[in-house]
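Residues per chain, in single letters:
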Amino acid sequence: MPGDEPSVYLVADDFGRAGSAWREADLETTDLETVICDLIAGEYRRPIKVIAFNTSERWSEDVSADVAREIQHRCDLQLSDVPSHLQEFVDRYAAQDLRQFSLRLV
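Source: prediction; values computed, not measured.

A. Structural context of the sheet that holds strand E4 (residues 59–62). Reading across from one edge, E2-E1-E3-E4 is the order of the four strands in this open sheet, with antiparallel pairing throughout. The sheet is open, and its two edges are formed by strand E2 (20–22) and E4, each paired on a single side. Here the strands of the sheet are splayed against their neighbours by 20 degrees on average, with no regard to which way each runs. Summarising the sheet, strand E3 (residues 47–54) and E4 pair through four bridges and their orientation is antiparallel.

Here it is as structure tokens:
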């Protein structure tokens, strides 16, 4: 039924001298959770950006910042560093909150 199609998430990857391309993906592996897990697992060489779209709802969006923040969040929860292959991506898109909160001493 039209309108029931899931949103699709695709990753643009940098292949160095060979250039950049949108990575091929099976229809069943283009959901957000799978893409995030694949990014963390190293399935992409050097991700450039992540886009989402839904043709039945007629929208598309660059979701790179959301994905980068989620990767940073998951690494923070696991008390681990962002994987080296994702560091540039996360640095580019995840705005670091550099504010330092001061504690009031009583």
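Past the structure itself, the notes keep going.
B. Quick look at the nonpolar core. Membership of the largest hydrophobic core comes to 19 residues, with the highest contact counts inside it found for Leu39, Val50, Val67, Ile71, Phe89 and Val90. Not counting chain neighbours up to four residues away, the residues in contact with phenylalanine 89 comprise Pro47, Ile48, Lys49, Val50, Ser64, Val67, Ala68 and Ile71.

C. Spatial organisation of the pairing of E3. As judged from the six bridges shared by strand E1 (residues 8–14) and E3, these two strands associate in the antiparallel manner. Directly across from tyrosine 9, in E3, lies its bridge partner alanine 52. Between the antiparallel neighbours E3 and E4 lie four residues, among them arginine 58 with a positive phi of about 60 degrees.

D. Representation of the environment of serine 56. For serine 56, the location among the structural elements is in the loop between E3 and E4. Here the side chain of serine 56 touches asparagine 54 through a polar contact of 2.7 Å, side chain to side chain.

E. Quick look at helix H2 (residues 64–77). With 14 residues, H2 ought to run about 20 Å at 1.5 Å a step, and its terminal C-alpha atoms sit 20 Å apart, in line with that. For H2, the complete set of buried residues consists of Ser64, Val67, Ala68, Ile71, Gln72 and Cys75. Looking straight down H2, one finds its buried side chains confined to an arc of 135 degrees; they lie on one side. The secondary structure elements touched by the buried residues of H2 are helix H1 (32–41), E3, E4 and helix H3 (84–93). Trailing H2 by a residue or two, leucine 79 shows a phi angle of about 55 degrees, which is positive.

Cut-offs applied
Residues numbered from 1 in each chain as written. Predicted model: local features only at pLDDT ≥ 70, side-chain atom pairs only at ≥ 80, totals over all residues. Heavy atoms only, no water. Pairing = 2+ DSSP bridges. Helix = DSSP H or I, 4+ residues; strand = E, 2+ residues; numbered from the N terminus. Axes fitted to C-alpha atoms, helices over the stretch in contact; angles between N-to-C directions. Core = buried A, V, L, I, M, F, W, Y, C linked by side-chain atoms within 4.5 Å. Buried < 20%, exposed > 50% of the residue type's maximum accessible area, 1.4 Å probe, protein only. Contact = heavy atoms within 4.5 Å. Polar contact = N/O pair within 3.5 Å; in protein donor to acceptor, adjacent residues only side chain to side chain. Expected span 1.5 Å × (residues − 1). Arc of directions from axis to C-beta.

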